[in-house]
Amino acid sequence: MPAYGFAHLRSRRNHSDIIEYLERIQATLDPFDGRFVIHGPPAEVVEGTWPGSMVLIEFPGLAEARDWYESPAYQAIVSLRTDHVEGDLVLIEGVGPDYDPAERARTLRTEAG
C-alpha cells in the first residue's frame, strides 16, 4: 500500500538554507524509493481557504516513509527547512487501486448500528 509524506507549508522565507535543503532532499529520499508527487505549486482553491502551498512525497509503504523521516540523512537537513518554513508534515497510508468508498460507507453504517 503506498504511503505519503504530506506537508502543508503556510509560510516560508527565501533563505540559503532552503536552497541547500532542496539541493539535498532527493538524496535522502532515494534509499526509500521516495518521489515527489506535488511540490509547492499554487493550489486552485475551490472550497474554503488554503493558505500556503503543499508538498506530497510518495513511498512504497508507511514503513519506508517512517524510515526516511527518521533517517540520519534526513534528520541532518530537516532543520534547514523547519527553521525557515512554518508548516505541518504528516505521514499517512494511502489506499490501493481497488479501494471502494461504497464499501467504506457500508462498514461505517454497520459500526453505527
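Treat the numbers as computed from the prediction; the structure is a model and nothing was measured.

K.L.:
So what about the nonpolar core? Which residues, and what values?
P.N.:
Of all hydrophobic cores here, the largest spans 19 residues; its most connected members are I25, I57, F59, W68 and Y74. Those elements that provide at least two residues to this core are β1 (3–12), α1 (16–29), β3 (53–59), α2 (62–70) and α4 (78–82). The biggest single contributor to this core is α1, with four residues. Aside from chain neighbours lying at most four places away, what touches W68 is I25, T28, L29, F32, I57, F59 and Y74.

K.L.:
Please provide a residue-by-residue account of the packing of aromatic side chains, values included.
P.N.:
Tallied over the entire structure, the rule returns six aromatic pairs. Aromatic pair F59 and W68: ring centres 5.4 Å apart, planes at 35°, arrangement tilted. A relative accessible area of 2% places F59 in the buried class. Ring geometry for W68 versus Y69: centroids 6.1 Å apart, planes at 70°, classification edge-to-face. Using a relative accessible area of 30% as the deciding quantity, one classes Y69 as partly exposed. Grouped by ring-pair contacts, the aromatic residues Y21, F59, W68, Y69 and Y74 constitute a single cluster.

K.L.:
Break down the sheet that holds strand β2 (residues 35–39) for me, citing the residues and quoting the values.
P.N.:
Strand order in the open sheet formed by four strands is β2-β3-β1-β4, with antiparallel pairing between adjacent strands. Two strands in the sheet have a free side with no partner beyond their single neighbour: β2 and β4 (85–93). Adjacent strand axes in the sheet meet at a mean angle of 15°, parallel and antiparallel pairs treated alike. Contacts from α2 reach β1, β3 and β4, with the element oriented near 150° to β4.

K.L.:
Give a description of the side chain of E58 that names residues and reports values.
P.N.:
In this structure, E58 sits in strand β3. A distance of 3.0 Å separates polar atoms of two side chains, one belonging to E58 and the other to Y4. Those residues in contact with E58 that lie beyond four places of it in its chain are P2, A3, Y4, D33, G34, R35 and V37.

K.L.:
An account of the pattern of salt bridges is requested, with residue identities and associated values reported.
P.N.:
This model, assessed by the stated rule, comprises six salt bridges. Notably, a salt bridge pairs R35 with E58, separated by 3.0 Å at the nearest N-O pair. Linking R35 in strand β2 with E58 in strand β3, this pair joins segments that are 23 residues apart in sequence. Accessibility expressed as a relative area gives 45% for R35, which makes it partly exposed.

K.L.:
Please give an account of the environment of D88 that cites residues and values.
P.N.:
Inspection of the secondary structure puts D88 in strand β4. As a C-alpha pair, D88 and H8 span 80 residues in sequence and 5.4 Å in three-dimensional space. Ignoring any residue separated from it by four or fewer positions in sequence, one finds D88 in contact with F6, A7, H8 and R10.

K.L.:
Please provide a residue-by-residue account of α1, values included.
P.N.:
Along its 14 residues, α1 runs 21 Å from first to last C-alpha, staying within 8% of the 20 Å computed at 1.5 Å per residue. The axis of α1 is deflected most strongly, by about 30°, at E23. What α1 keeps buried is the set I18, Y21, I25, T28 and L29. Buried residues in α1 make contact with β2, β3, α2, α3 (72–75), α4 and β4.

What counts, and where the lines are drawn
- Residues numbered from 1 in each chain as written.
- Predicted model: local features only at pLDDT ≥ 70, side-chain atom pairs only at ≥ 80, totals over all residues.
- Heavy atoms only, no water.
- Core = buried A, V, L, I, M, F, W, Y, C linked by side-chain atoms within 4.5 Å.
- Buried < 20%, exposed > 50% of the residue type's maximum accessible area, 1.4 Å probe, protein only.
- Helix = DSSP H or I, 4+ residues; strand = E, 2+ residues; numbered from the N terminus.
- Contact = heavy atoms within 4.5 Å.
- Phe/Tyr/Trp six-rings, centres within 6.5 Å; stacked < 30°, edge-to-face > 60°.
- Pairing = 2+ DSSP bridges.
- Axes fitted to C-alpha atoms, helices over the stretch in contact; angles between N-to-C directions.
- Polar contact = N/O pair within 3.5 Å; in protein donor to acceptor, adjacent residues only side chain to side chain.
- Salt bridge = Lys/Arg side-chain N within 4 Å of Asp/Glu carboxyl O.
- Expected span 1.5 Å × (residues − 1).
- Bend = angle between axes of the 7 residues up to and from the residue.

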